[in-house]
Amino acid sequence: MSGPRRAGRPFYEFFAGGGMARLGLGEGWTCALANEWDAAKAQAYRARFGAAPELRVGDVADLAPADLPGRATLAWASFPCQDLSLAGARRGLAGARSGTFFSFWRLIEGAAVQGRAPAVIALENVVGALTSHDGRDFEALVALLSGQGYRVGALVIDAVRFLPQSRPRLFVIAVRDRGAIEGLTAAAPDPLWTTPALARAEEALPDALRRRWVWWRLPAPPPRNTDLAAILEPDPAVSAWHRPEQTARLIDLMGPASRARLDAMQAAGARRAATLYRRTRPDGHGGKIQRAELRCDGIAGCLRTPAGGSSRQTVVIVEGERVRSRLLTGGEAARLMGVPDDYPIPKSATAAQHLFGDGVAVPVVRWLAQHLLEPLADAAPLPVAAE
Ligand SMILES: C[S@@+](CC[C@H](N)C(=O)[O-])C[C@H]1O[C@@H](n2cnc3c(N)ncnc32)[C@H](O)[C@@H]1O
């Protein structure tokens, strides 16, 4: 489906973090500009990509269109999700963090005025972006892209199709309305990549935007061939195991469902690996209770950036009656994101979780690039002239 690989399609990487979008795009792309304001992430970016003069460390709001070199085939923007996340207060695009989208967008508009609009734009965010403000945030994104002459479609891709991590994310892919994209679109949404929330969000768009909408065609990946156990460090390599009383405390925090899962693992006798998050849940009496929620389907829960110490994922190893626990290591977090082994992992596990916890899963980007972004870029061999 992909055309011949053309080395060096130029792209801009906004909200670059540790460069996981760049890793996923791979050899066929050249980063013309990366932007990230977090010093630790910028350091990780440089540790992987060298001096990286293309990396501009600072607030995206401080960039001007003139800072965008040349004409990019693709602008990738994994903009902050906190205000769109179902777990947050949901200030949406009006929020200080997710609202940085508009700083990015102002640059795209500025480039468009100069006839340098990227051929393709990829936005990545949490699936909460579909429903925040009753869908008005999503509509605003589609309206802005469409108003700039882009055809717009979206897919929900769960990293679990590629990696042992549950990580559904929304990918909005927009292409300037010039190229022959028919072979890359489908008449109807593919259930593989279209959750009910995405279908509802598209249905709720005004007719004028629905007419600009496309359902992207993306093949199914081969079945995943790794599970949680495969990405874990060997036991002796981990020094920071919890003390038995800490593990016992976690077991005490389990509700009936998690406890039943643990019992079943213990009864199975063989060595099993599971993950656990501590979460605050309603106690059914108007209050809150802390729960330890165990997941034992061979898949890790969604990596998050650690906040308040409670959201780092715990690994639980069960061998018959013996239960041990420890926090997920930085290397394990990297592998859960599909980051290649040669990526320099920060020494501190907390720093590593910060780096990888809000990243984009590398094989998801690769799959999208190979089967959609590269064919789109080749079908619409822009940069386009000003309209
Ligand atoms: C969702 S993460 C994207 C991470 C990246 N895609 C990766 O895979 O590593 C959003 C990133 O945007 C950065 N960021 C947030 N606000 C910013 C701003 N105003 N200017 C530049 N970067 C910002 C954060 O530090 C964070 O690294």
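For clarity, every value in this text was computed on a predicted model and none was experimentally measured. (Residues numbered from 1 in each chain as written. Predicted model: local features only at pLDDT ≥ 70, side-chain atom pairs only at ≥ 80, totals over all residues. Heavy atoms only, no water.)

What follows covers the overall build of the chain. For the chain, the count of helices and strands is 12 helices and 13 strands. At 22 Å, the chain has a C-alpha radius of gyration in line with the 21 Å of a compact globule built from 387 residues. By principal-axis analysis of the C-alpha atoms, the chain measures approximately 70 × 45 × 40 Å. In the chain, the proportion of contacts linking residues at least 24 apart, taken out of those at least 6 apart, comes to 70%. As presented, the chain carries roughly 16,500 Å² of accessible surface, and 53% of it is formed by carbon and sulfur atoms. Within the chain, the 39 negative side-chain charges are centred at a point lying 1 Å from the centre of the 47 positive side-chain charges. (Helix = DSSP H or I, 4+ residues; strand = E, 2+ residues; numbered from the N terminus. Rg over C-alpha atoms; globule rule 2.2 N^0.38 Å. Contact = heavy atoms within 4.5 Å. Areas by Shrake-Rupley, 256 points an atom, 1.4 Å probe, with all protein chains shown as cover. Lys, Arg positive; Asp, Glu negative; His and termini not counted. Charge placed at Lys NZ, Arg CZ, Asp CG, Glu CD.)

The next thing to look at is the site of the ligand. Glu36, Lys41, Asp59, Val60 and Val360 are the nearest of the 20 residues found near the ligand. Take Glu36: an N or O atom from its side chain is 2.6 Å from an oxygen atom of the ligand. Considered class by class, the residues forming the shell around the ligand number seven nonpolar, eight polar and five charged. (Near = heavy atom within 4 Å. Polar contact = N/O pair within 3.5 Å; in protein donor to acceptor, adjacent residues only side chain to side chain. Nonpolar A, V, L, I, M, F, W, Y, C, P; charged D, E, K, R; others polar.)

Quick look at the domain arrangement of the chain now. Segmenting the chain into domains produces domain 1 (9-222 + 357-379) and domain 2 (234-328). For domain 1 and domain 2, the distance between their C-alpha centroids amounts to 33 Å. Here domain 1 and domain 2 share an interface that buries about 620 Å² over both sides, 60% of which is from carbon and sulfur atoms. On the domain 1 side of the interface with domain 2, the three residues burying the most area are Pro164, Ser166 and Gly357, jointly 58% of the side's total. Here domain 1 is connected to domain 2 by zero salt bridges. Remark: the boundary between domain 1 and domain 2 carries five residue pairs in polar contact (both at pLDDT 80 or more). Partitioning the side of domain 1 that touches domain 2 into residue classes produces two nonpolar, three polar and three charged. (Domains from an automatic or database assignment. Buried area = accessible area lost by both parts, 1.4 Å probe. Salt bridge = Lys/Arg side-chain N within 4 Å of Asp/Glu carboxyl O.)

Bringing the sheet that holds strand β3 (residues 55-57) into the picture now. Spatial ordering of the open sheet is given by β3-β2-β1-β4-β5-β7-β6, a layout of seven strands whose pairing is mixed. Strands with a single pairing partner mark the edges of an open sheet, and in this sheet they are β3 and β6 (150-158). Between one strand axis and the next, the sheet turns through 15° on average, direction left out of account. Strand direction decides the pairing type here: strand β1 (residues 9-14) and strand β2 (residues 29-36), joined by five bridges, are parallel. By the bridge assignment, Phe11 is partnered in β2 with Cys31. (Pairing = 2+ DSSP bridges. Axes fitted to C-alpha atoms, helices over the stretch in contact; angles between N-to-C directions.)

This part is about the state of the cysteines. What the rule picks out here adds up to zero disulfides. Just so you know, Cys296 is unpaired, no disulfide at all, and the nearest cysteine sulfur is the one on Cys302, 18 Å from it. Overall, the relative accessible area of 29% leaves Cys296 in the partly exposed class. (Disulfide = S-S within 2.5 Å. Buried < 20%, exposed > 50% of the residue type's maximum accessible area, 1.4 Å probe, protein only.)

Before going further, it helps to spend a moment on the side chain of Glu13. With respect to the secondary-structure elements, Glu13 resides in strand β1. No salt bridge is formed by the buried Glu13; its nearest oppositely charged neighbour, Arg22, is found at 5.0 Å. Setting aside residues no more than four positions away along its own chain, Glu13 makes contact with Gly19, Met20, Ala21, Arg22, Cys31, Leu33, Ala34, Asn35, Tyr45 and Trp76.

What follows deals with the nonpolar core. Formed by 64 residues in total, the largest nonpolar core has its most connected members in Trp76, Ile173 and Phe356. In terms of residue count, helix α12 (residues 362-379) provides more of this core than any other element does, 10 residues in total. Split by domain, the residues of this core number at least three in each of domain 1 (9-222 + 357-379) and domain 2 (234-328). In this structure, Trp76 is in contact with Tyr12, Glu13, Phe14, Ala21, Ala122, Glu124, Phe171, Val360, Val365, Leu368 and Leu373, ignoring residues within four places of it in sequence. Counting 40 residues, the second largest nonpolar core, distinct from the first, contains Ala112, Ile121, Val152 and Leu170. (Core = buried A, V, L, I, M, F, W, Y, C linked by side-chain atoms within 4.5 Å.)

Throughout the structure, instances matching the rule amount to 19 salt bridges. Between Asp378 and Arg9 there is a salt bridge, with its nearest N and O atoms 3.2 Å apart. Residue Asp378 is located in helix α12, and its partner Arg9 is located in strand β1; the two are separated by 369 residues in the primary sequence. In this structure Arg9 comes out as buried when scored by relative accessible area, which is 4%. A salt bridge links Arg22 to Glu54, with the shortest nitrogen-to-oxygen separation between them at 2.8 Å.

A separate point is the environment of Glu109. For Glu109, the location among the structural elements is in helix α3 (residues 101-113). Each C-alpha atom, one on Glu109 and one on Leu145, is 9.7 Å from the other, the two residues being 36 residues apart in sequence.

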